[in-house]
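# Observations on chain architecture
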Amino acid sequence: MKNFDLTKSTLTRRKVLKTLGAGVAAASILPRLGGIAHAATSEPIRIGFQAHRTGIGAAYGRWYSRATSAAVTRINDMGGINGREVEIITEDDGTDPKRGAEVIEKFAKQHEVDVAFGTLYSHVVYGSAPRAGELKLPYFVVSEGHHVASGKLNRYTLQPGITDVKSQVQAMAPFVADNLGKKVTMIFPDFAFGHDHRDFFTAAIEAQGGEVVESIAIPPTETSFTKYFPRIPRETEVIYHVMVGPAVLTFVKELGEFFGPNRPELFGFIDSLEAVDFASPGLEFLEGSYFWEGMARYAQADQTDIDKTYRAAVGVDNNGASISDSRDVATFSHMFGCWETLNIIKRGMETCGYQGPADRQSLIEAVEAMSDMPYSLDHPQGAKRFNGKTHQTFGHQYISQVIDGKLVVKHKTSIEDGLYEDEVDYTKQSF
Amino acid sequence: MDFGPHLLLASLEGAVAAAILALTAIGLSIVFGVMRVVNVAHGEFYMIGAVIAWWVASIVGTHPALGFVAALVVAPLIVGMLAATADKFILQKIDYDPDRTIVATIGLLYIIQQITLMTFGPEARPVQPPFNTRLALPWFEFGENGFEMYWPWGLSITSYKLFVIFAAIAIMLALWMLMTRTKIGLIMRATQQDSDMAKAFGIPVNRVYSWVFGLGAGLAAAGAVLVVPMQQAHYLMGHDPLLLSFIVVIIGGLGSLPGTVIAAILIGMSDGIISVFFSPTLAKIIATLVVAMVLVFRPNGLMGRSN
């Protein structure tokens, strides 16, 4: 009785399998099942996500997490990587360099991840990258800092998903000099990221025949700013501001209160107002001023289908805020970097037939071999050109003007505008 | 900017900082004076005050002034009750043992901070000021044409910042009246001087402690409500006020209210002026140095009495 039943059920199963295997249609209807069934191992690919869950970068961390999980959902829906599911393991780095290095160690030794990824603040990258190099763990950062391309890090650290500050600033300087003014006062946070801005913009504006008349460095934990503004010289034509951290809104408001009705031109990096609503009280004076954007926060008149699909996937509405809470404003100019980096990791792993940690070196070589990346849903911010030698990507930048309280894109730089000479060749370093 | 207007601007900024600092530090000082408790979670009560102010203002939300006034009443009350509850269920249970209260309030600090992060979130959120007119200020100089008045670039203050200074003075006067002119104040002072004797005279010392702990936290919250239209509510904002309050209280003398006010003005003003003319880092260095000097030469603070 029992035997008979078993035979019967085996037969049925075989039949079903036959039908499934015969039809190509079945594989396309169930891509994930088909893909994962063909993989040599069904273990998921584990990506360690170093996130600013707490500390001064927490607003960025929250949106980096959302973009990351949206990207992973999409990758898994398309069949995962090499037929294996992708799993994200998140660890909080507290926006702290020391903790960042510990998180890398935890990823490598405790979670045994395939690669590490994430993090924005440059001091955390500086703190973590050496440990990643020692542990031979590929470390994909989404940080904007020039640290990767400067040659100060190592072969295991790459930044393929977001343009660095040096390139952004160089692409932007001609617009500032031609349209706003040539005498610039810079206000920036007093750590590596701010110093990148100071050094590269000073050089870039001088190349355009302009000059920086004053550089004002502000400690990253400062909460009130009026006391710094008297240092702005009267001859200033343009104020170039880039602030980060929780006090950015205070900074911009006090800048407005300091100048009153007759302010110089303002050119800001959107970092000064990432995760901040433009409709916040006290920001009216920004009307007419200019901002750099990594990616247009407000859906533009010529919005593409790619932009629409990307916004829906990461849960951002046409004003750059969360679909579920219009006051929860995204870090839209940076978070695309997580989405794009994960797609690049996927492509790299597929190219080298990544199986496990033994293939980490071939993964890095596969990414180093990449170059042009066309505008697509894999790269919703725009086309990119990756430089395998410097481990840095180059993309388009946007300059937007505040019109009726919304950012309207006025100028899009070309990739060539942001290219500069290589400062390092990581491919010559041994693994 | 010329030296004169620059100094005036620095002093005005310093006065606003001093006003907020005085409120926050007095809260810390009262709690120590009456209860002998070093409240490390004081900065978090400040932070919660700001967060509740944002919450109340966004619920009321008709006219900014209405939301602000509601917040000014509601936030210190809620924070005060929260602190009184914490006193009843935590500090009383450990019998106000000095070591354990420090550890307990450190624990409270992290609990409050993380709960705020989990619910309110990591963003900095603004509250609209009830009024905020920019007041340009004139400056005088003796030029070729004799005494002249002119309007230097950037020399200004907002009406709200002036209001903060006066509001802080008003709250402190009310507190002084409470402490010296009412029965509540008498009970508090009696408890401060000798809690055993006060108990013997029928004063419910435990209840007084809860009230005082609530009052101290409420003062911090009031300072935060005043600050939140200028800076934003953020879950990490309690750190700096805590540090500065400790500096002020140590310089002024633990438990001495006049000393605390004097020290708050000293630290607030010098921080404003030094950071304008030199650097904010130097201002912090000098403040810390002053603390060290006070501890060496006047261990009980400027106005503190030795036991």
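Here we come to the confidence of the model for chain A. Residue and element names in this part refer to chain A. Taken over all residues, the pLDDT of chain A has a mean of 89, while the share at 70 or more is 90%. Overall, residues 1-11 carries pLDDT values under 50, and its contacts beyond four positions in sequence, including any with other chains, amount to zero contacts. In the predicted structure, residues 23-37 sits below a pLDDT of 50 and forms 16 contacts with residues beyond four places in sequence or in another chain.

Another aspect to go through is the sheet that holds strand S11 (residues 372-373) of chain A. Residue and element names in this part refer to chain A. Read across the open sheet, the eight strands follow the order S2-S1-S3-S4-S5-S13-S12-S11; overall the sheet is mixed. The open sheet terminates on both sides in strands that have one partner only, identified here as strand S2 (86-92) and S11. With two bridges connecting them, S11 and strand S12 (residues 384-387) associate as antiparallel partners. Across the sheet, residue Asp372 finds its bridge partner in S12, namely Arg385. Lying on the sheet, helix H6 (residues 122-134) is in contact with strand S1 (45-51), strand S3 (115-118), strand S4 (139-141) and strand S5 (157-163); it crosses S4 at an angle near 160°.

All names here are of chain A. If you walk across this open sheet you meet the seven strands as S7-S6-S8-S9-S10-S14-S15, and the pairing is mixed. Across the chains shown, the open sheet's two edge strands, defined by having one partner strand only, are strand S7 (211-218) and strand S15 (406-412). The sheet shows a mean angle of 25° between the axes of neighbouring strands, taken without regard to direction. Pairing analysis gives three bridges linking strand S9 (residues 265-269) to strand S10 (residues 290-293), with the strands arranged parallel. Each bridged residue has a counterpart across the sheet, and for Phe269 the counterpart in S10 is Trp292.

All names here are of chain B. Among the nonpolar cores identified, the biggest contains 201 residues, and Ala50, Ala53, Val212 and Ala221 are the most heavily contacted of them. In terms of residue count, helix H1 (residues 3-35) provides more of this core than any other element does, 16 residues in total. Once residues lying within four places of it in the same chain are set aside, the contact partners of Val212 are Ile30, Val31, Val34, Met35 and Met188.

Turning our attention to the confidence of the model for chain B. Confidence in the prediction of chain B, expressed as mean pLDDT, is 88, and 99% of residues score 70 or more. Model confidence for the complex is summarised by a pTM of 0.80, with the ipTM given as 0.80.

With that settled, the discussion passes to helix H12 (residues 360-368) of chain A. Turning to H12(A), its buried residues number three or more, namely A:Leu363, A:Ile364, A:Ala366, A:Val367 and A:Glu368. Looking at the buried positions of H12(A), the neighbouring elements they touch are S5 and helix H11 (332-351) of chain A.

Residues and elements named next belong to chain A. At a closest axis distance of 7 Å, the pairing of helix H5 (residues 97-111) and H6 adopts a crossing angle of 35°. The two elements H5 and H6 cross, and the hand of that crossing is right-handed. Across the interface between the two elements, Pro97, Lys98, Gly100, Ala101, Ile104 and Glu105 from H5 touch His123, Val124, Tyr126, Gly127, Ser128, Arg131 and Ala132 from H6. Each residue belonging to the contact of H5 with H6 can be placed in one class, and the counts come to six nonpolar, four polar and three charged.

Each value, and the rule that gives it
Residues numbered from 1 in each chain as written. Chains lettered and ligands numbered in written order. Predicted model: local features only at pLDDT ≥ 70, side-chain atom pairs only at ≥ 80, totals over all residues. pLDDT = per-residue confidence, 0-100. Contact = placed C-beta atoms within 7 Å. Pairing = 2+ DSSP bridges. Helix = DSSP H or I, 4+ residues; strand = E, 2+ residues; numbered from the N terminus. Axes fitted to C-alpha atoms, helices over the stretch in contact; angles between N-to-C directions. Core = buried A, V, L, I, M, F, W, Y, C linked by C-beta atoms within 7 Å. Buried ≥ 20, exposed ≤ 12 C-beta atoms within 10 Å, placed from the backbone. Left-handed = near helix turned anticlockwise from the far one by under 90°. Nonpolar A, V, L, I, M, F, W, Y, C, P; charged D, E, K, R; others polar.

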